[in-house]
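Below, each chain spelled out in residue letters.
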Amino acid sequence: MVLYTSAFPNSFLQTLHSLAWTFIFPCYWLTDRLLVSFLPTTYEKHQRGDDPCYLRVLCLAIIIPICLALLIASLPFALIGFVVWAPLQSARRPYIYSRFEENCDASTATGPGYWKAAGGRSFCFATANVCLLPDSLARFTNLSNTQIRSSEVGKRIRNGASRPQIKIYIDSPTNTSISAASWSSLACPHGGDNANRANSVGIKRTSSMDYKGDNFIGNYSDEGKDCKSGEEQSDGDSNSCIVRVAGDEAVHFPDKEVDISGVQVTITEPSEQLGEAETEDEKFQNSNHKHREGDGVSLDSNTTSRESLIKFKIADGAMDSSGATNNKFVYKASVMKKASLKKRRHLGDTFDHELSAFFPANLDFLCLQEVFDKRAAEKLKAQLNPYFQYILYDVGRYAWHSCCSFKFLNSGLFFASRYPILDVEFKCYPNGKGDDSLADKGALFVKVQVGTTPQDQRIVGYVSCTHLQALAGDAAIRCEQMDHLLDWLAEFQKSTSSSSPTNPEDLLAFDVLLGDLNFDNCSSEDKLEQQHSLFTHYKDPCRLGPGEEQPWVIGTLMDPEGLYDEDTITPDNLQKVLESEEGRREYMVFSNSRNQPSCQKGRKVPQKNCGRRIDYALYSEEGLNPDWKVEVEEFSFVTQLAGLTDHLAVAMRLSVSTGEEDP
C-alpha cells in the first residue's frame with residue numbers, strides 16, 4: 001500500500017488548498033480570540049484575582065470592538081476561501097504520513113532494531129487524550145494555550161520515552177541489595193582507587209520536569225541526552241546503560257554525561273554472559289519521585305513507595321576530599337528484588353502495574369486522541385519525530401464526504417511508531433450525533449513490521465486507534481460504533497495479510513486496540529457497552545468482568561476544575577495525590593451511580609472503582625502463531641501530562657515469546 005505523504009494527490013491542489021485556507025484563517029482566528037475573551041480558565045481567574053475589576057472591563061471594551069471590526073472585514077475573504085476550500089476536501093487524503101529521515105544522532109538513536117523471532121521481545125504501547133482543540137473549545141475543559149500545550153505534550157512524551165535506562169547486574173545469587181560500596185563504585189566509574197573522589201559523571205536526582213515559576217506550562221530544558229550502550233546492549237533498548245556491580249569489577253558508563261532524571265534498574269541473577277542475562281530476565285521500569293523526608297529504605301517495607309524502594313545514603317567514605325558530602329549523588333533509585341516482581345500490591349497478579357510520573361522508557365507505539373488543531377499537530381509531530389520515526393497525523397476529512405454530515409474538524413487521531421508502517425486505513429463512523437457529528441471521528445488501522453525471521457518472513461503487528469461517541473446517554477451509538485470497529489478491523493487484516501509463493505504469509509506478533517472509548521466499566525448507565533462483544537475478541541488487563549475492575553485500577557478522567565491546583569499541576573504531585581483514595585475522590589471524575597454519598601466537590605463516590613476509566617489499552621490473542629504467546633508484562637497509569645490535559649495516559653507493555661531460544 002502506498003502511504004500518503006501529503007494531503008492532496010498533486011501540488012496544484014495542495015497550493016490551491018493553502019491559498020483558500022489563507023483567506024479563511026483570519027476569520028477563524030479572530031472568532032476563536034473573541035470566544036476566548038469570555039471563557040477564562042480557573043488558572044486565569046486566579047491570576048486576575050488581584051486585578052481591579054475596572055481594568056478587566058476596560059481591556060474588554062477596547063479589544064472586543066477591534067476584534068469585531070476585523071472579523072467583519074475578514075468575512076468576505078473567508079467566504080471566498082470557503083467556496084474554494086470545501087469542494088477540495090473531496091480530493092483530500094484521509095491522513096498524512098511523516099517519516100523522520102535526517103542523518104543525525106537523533107535519527108540513529110530512534111531505531112529499536114529488527115527482531116529475529118528468537119527468544120521473545122516486548123513492545124510498549126501508550127494512549128492519551130490530549131485535548132488539542134481550537135483554543136476556545138479547549139476552554140470548555142478548563143484548558144488553554146493549545147499551541148503551547150502541543151509542544152509541551154510532545155516534549156514530555158519524548159523525554160519520558162527516551163530517558164536512559166540503567167541496568168545493574170549484581171553477581172550474587174542471594175544478595176540483591178546494593179551496598180554502599182557498590183554505590184561508591186557506581187559513583188566513580190574509574191574503579192576502586194577513585195571510590196572516595198567526587199563523582200565525575202555527575203549522576204543527580206531530579207524530578208520528572210524542572211518546573212519554574214507559577215505558569216502551569218512546565219519549563220524545562222531538553223538537555224537530556226540519549227545514552228549510547230556499549231557492547232552489552234539488548235535489542236530494543238537503544239538508550240540503555242549497563243552497569244555491572246561485582247566485587248572489584250569496573251562500572252561501565254558512557255563517555256558523555258547522562259541526565260538520568262528517570263532510570264530503569266534491573267537486578268538479575270548471575271550468568272556466564274551478561275548479554276544472555278539481559279534477554280532472559282524481565283526488565284522493569286520505574287519513574288523517580290521527588291526527594292522527600294521519610295521515604296523508606298527497606299526493599300521489603302510495605303509502606304515504601306512502589307517506585308522508590310531504596311534511598312541512597314552516602315556512607316563508607318563517599319565524601320570528597322574536604323569531607324563534605326557529595327551533593328551530586330544524593331540520588332534515590334528504584335530497585336526491586338526480582339522475586340517480588342516490582343513489589344506488586346496484590347498477590348496473584350500476573351503482571352506489574354503502577355501509577356507512574358513518566359511514560360515508559362523505550363515506548364514503541366503512541367496513540368493520541370483529540371489532536372484536532374492542525375497547527376498543534378505539526379508542533380506535536382516536530383517534537384516527537386526525533387524519537388518516533390514514523391508518524392500519522394491530520395487523520396480524517398473535512399466538509400462533506402461519503403454519506404456523513406459536514407465536518408468542521410478531523411478525527412483528532414494521531415499515531416506515532418518506532419517501527420516501519422506497512423499499511424494504513426481510516427474509517428469514519430457514520431452515526432455521529434450532536435456535537436460529535438461535527439468531527440470526523442472514526443478508527444485508524446495500522447500494520448507495522450517489527451522484525452523478520454531467518455527465512456525472510458515478515459513479523460508484523462496491528463495497532464488500531466479510535467475515539468467513540470462522547471455524549472452521555474448514547475450507549476446504543478457507541479455499541480454500533482464498536483460493531484463497525486470489529487468489522488472494519490477484520491476487513492483490514494484480511495486485505496493486508498495476502499500471501500503468495502514469493503511473498504510468504506506474515507507472522508502476527510500482536511493485535512492491540514488503543515483509544516478513548518468514552519465509557520467505563522463500572523457506571524450503571526454503561527452496562528450495554530460493558531457487555532459488548534469487543535471484550536470477547538480483545539482482553540482488557542484492567543477488567544475482571546462486566547462492571548468489575550481489578551483492585552488496583554484507577555480512573556483516567558480528571559475533574560477539570562482541579563487541573564491547576566498545587567497538588568495536581570506537576571507529574572510528581574499528581575502521582576502522589578492519586579496514590580491515596582482521598583486524592584482520587586478530590587480530583588477524579590467518578591462513575592454515575594445512585595444512592596451514593598457525595599464527596600467534597602459534589603460528585604458521586606463510586607462503590608466499585610476509583611474513577612471513570614474511559615481510556616483503554618486492549619490486546620487480542622486471535623490469529624497469532626500457535627507456538628507464540630502474548631502476555632502483559634506491565635500496565636501503567638501515567639501522570640506525565642499533568643496540567644496539559646484532563647486525562648491520564650495509559651501504557652501497556654506486551655511480552656511476545658516464540659518458544660525459540662536466542663542463537
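Residues numbered from 1 in each chain as written. Predicted model: local features only at pLDDT ≥ 70, side-chain atom pairs only at ≥ 80, totals over all residues. Heavy atoms only, no water.

A. Fine view of the overall build of the protein chain. A count of helices and strands for the protein chain gives 14 helices and 17 strands. Relative to its full complement of 663 residues, the protein chain shows a buried share of 58%. The long-range share in the protein chain, meaning contacts at least 24 apart out of those at least 6 apart in sequence, stands at 76%. Within the structure as shown, the protein chain displays about 28400 Å² of accessible surface, and the carbon and sulfur contribution to it stands at 52%. (Helix = DSSP H or I, 4+ residues; strand = E, 2+ residues; numbered from the N terminus. Buried < 20%, exposed > 50% of the residue type's maximum accessible area, 1.4 Å probe, protein only. Contact = heavy atoms within 4.5 Å. Areas by Shrake-Rupley, 256 points an atom, 1.4 Å probe, with all protein chains shown as cover.)

B. Representation of a negative patch on the surface in the model. Negative charge collects at one region of the surface, where Glu480, Asp483, Asp487 and Glu491 lie side by side. On the basis of relative accessible area, Asp487 is assigned to the partly exposed category, the value being 46%. (Patch = residues over 30% accessible without salt bridge, like charges linked within 9 Å, V, L, I, M, F, W, Y side chains within 5 Å. Salt bridge = Lys/Arg side-chain N within 4 Å of Asp/Glu carboxyl O. Lys, Arg positive; Asp, Glu negative; His and termini not counted. Charge placed at Lys NZ, Arg CZ, Asp CG, Glu CD.)

C. The nonpolar core, seen in detail. By size, the foremost hydrophobic cluster in this structure holds 91 residues, and its most contacted members are Phe365, Ile421, Leu444, Val450, Phe510 and Leu534. If you look at the next biggest cluster of nonpolar residues, it comprises 33 residues, including Ala161, Leu366, Leu368 and Leu641. (Core = buried A, V, L, I, M, F, W, Y, C linked by side-chain atoms within 4.5 Å.)

D. Inspection of the sheet that holds strand S12 (residues 507–516) at higher detail. Spatial ordering of the open sheet is given by S9-S10-S11-S12-S15, a layout of five strands whose pairing is mixed. The outermost strands of the open sheet, each flanked by one partner alone, are strand S9 (421–428) and strand S15 (615–620). This sheet shows a mean twist of 15° between the axes of neighbouring strands, independent of strand direction. The pairing of S12 with S15 spans six bridges and is antiparallel. Within S15, the position partnered with Leu513 by the bridge is Leu618. Relative to strand S10 (residues 442–452), helix H10 (residues 475–495) is tilted by about 35°, and along the sheet it contacts S9, S10, strand S11 (458–467) and S12. (Pairing = 2+ DSSP bridges. Axes fitted to C-alpha atoms, helices over the stretch in contact; angles between N-to-C directions.)

E. Local environment of the environment of Asp435. Residue position: Asp435 is located in the loop between S9 and S10. Judged by its relative accessible area of 59%, Asp435 is exposed. For the pair Asp435 and Leu471, spaced 36 residues apart in sequence, the C-alpha separation works out to 8.2 Å.

F. Focus on unusual backbone geometry. Located in the positive-phi region is Asn142, a residue other than glycine, with phi close to 65°. One can find Asn142 in the loop between helix H5 (135–138) and helix H6 (146–161). We classify Asn142 as buried; its relative accessible area is 6%. In the Ramachandran plot, Asp394 falls in the positive-phi region, its phi being about 50° despite a non-glycine side chain. Relative to the helices and strands, Asp394 resides in the loop between strand S7 (390–393) and strand S8 (414–417). A residue is classified by how much of its surface remains accessible, and Asp394, at 11% relative accessible area, is buried.

G. Fine view of the pattern of salt bridges. Counted by the stated rule, this structure contains 21 salt bridges. A salt bridge links Glu425 to Lys427; the shortest N-O distance between them is 3.5 Å. Across the pair Arg612 and Asp526 runs a salt bridge whose closest N-O atoms are separated by 3.1 Å. Placement of Arg612 in the loop between helix H14 (581–587) and S15 and of Asp526 in the loop between S12 and helix H11 (527–530) is noted, with a sequence separation of 86 residues between them. By the burial criterion, Arg612 is buried, and Asp526 matches it. Beyond isolated ion pairs, a larger network of salt bridges with shared partners links Asp32, Arg33, Glu44, Asp135 and Arg139.

H. Broad picture of the sheet that holds strand S2 (residues 120–132). Read across the sheet, eight strands follow the order S1-S7-S8-S6-S2-S17-S16-S5 without closing on themselves; strand pairing throughout is mixed. Two strands bound the open sheet, and with one partner strand each, they are strand S1 (96–99) and strand S5 (352–356). In this sheet, neighbouring strand axes are inclined to one another by 15° on average, regardless of whether the strands run parallel or antiparallel. In this sheet, strand S17 (residues 649–657) lies alongside strand S16 (residues 629–638) in antiparallel orientation, the contact comprising nine bridges. Paired with Ser636 across the strands is Ala651, a residue of S17. Relative to the sheet, H6 contacts S2 and strand S6 (365–371), its axis offset from that of S2 by approximately 165°.

I. Structural detail: the pairing of S9. Burial of S9 is extensive: six of the eight residues sit out of reach of the surface. One ladder, built from seven bridges, connects S9 with S10; its direction is antiparallel. The partner of Glu425 across the bridge, within S10, is Phe445.

J. A look at H10. With 21 residues, H10 should reach 30 Å at 1.5 Å per residue; the first-to-last C-alpha distance of 30 Å fits that figure. All of the buried residues along H10 are Ala475, Ile477, Arg478, Cys479, Gln481, Met482, Leu485, Leu486, Trp488, Leu489, Phe492 and Gln493. (Expected span 1.5 Å × (residues − 1).)

K. Quick peek at helix H1 (residues 11–37). Compared with an ideal rise of 1.5 Å per residue, which puts 27 residues at 39 Å, H1 spans 38 Å between its outermost C-alpha atoms and is within 8% of the ideal. Of all the bends in H1, the greatest, near 40°, is centred on Ile24, and the proline Pro26 appears no more than four residues after it. Considered for burial, the residues of H1 that qualify are Leu13, His17, Ala20, Ile24, Cys27, Leu30, Asp32, Leu34, Val36 and Ser37. (Bend = angle between axes of the 7 residues up to and from the residue.)

L. Just the side chain of Glu44, in detail. Mapped onto the fold, Glu44 is located in helix H2 (residues 42–47). Polar contacts involving the side chain of Glu44 include one to the side chain of Arg139, which spans 2.6 Å. Once you skip the residues sitting within four places of it in the chain, Glu44 turns out to touch Leu39, Arg139 and Ser144. (Polar contact = N/O pair within 3.5 Å; in protein donor to acceptor, adjacent residues only side chain to side chain.)

M. How the structure looks around the packing of aromatic side chains. Overall, the coordinates contain 29 aromatic pairs when judged by the stated rule. Summarising the aromatic geometry, the rings of Tyr429 and Trp488 are spaced 5.5 Å apart at their centres and angled 20° between planes, so their arrangement reads as stacked. You can see Tyr429 sitting in the loop between S9 and S10 and its partner Trp488 sitting in helix H10, a full 59 residues away along the chain. A single burial state applies to Tyr429 and to Trp488, both of which are buried. By the ring-pair criterion, three or more aromatic residues cluster together here, those being Phe82, Trp85, Tyr398, Trp400, Phe406 and Phe408. Against the face of Phe535 rests Arg543, its NZ or CZ located 4.1 Å from the ring centre. (Phe/Tyr/Trp six-rings, centres within 6.5 Å; stacked < 30°, edge-to-face > 60°. Lys NZ or Arg CZ within 6 Å of the ring centre and 35° of its normal.)

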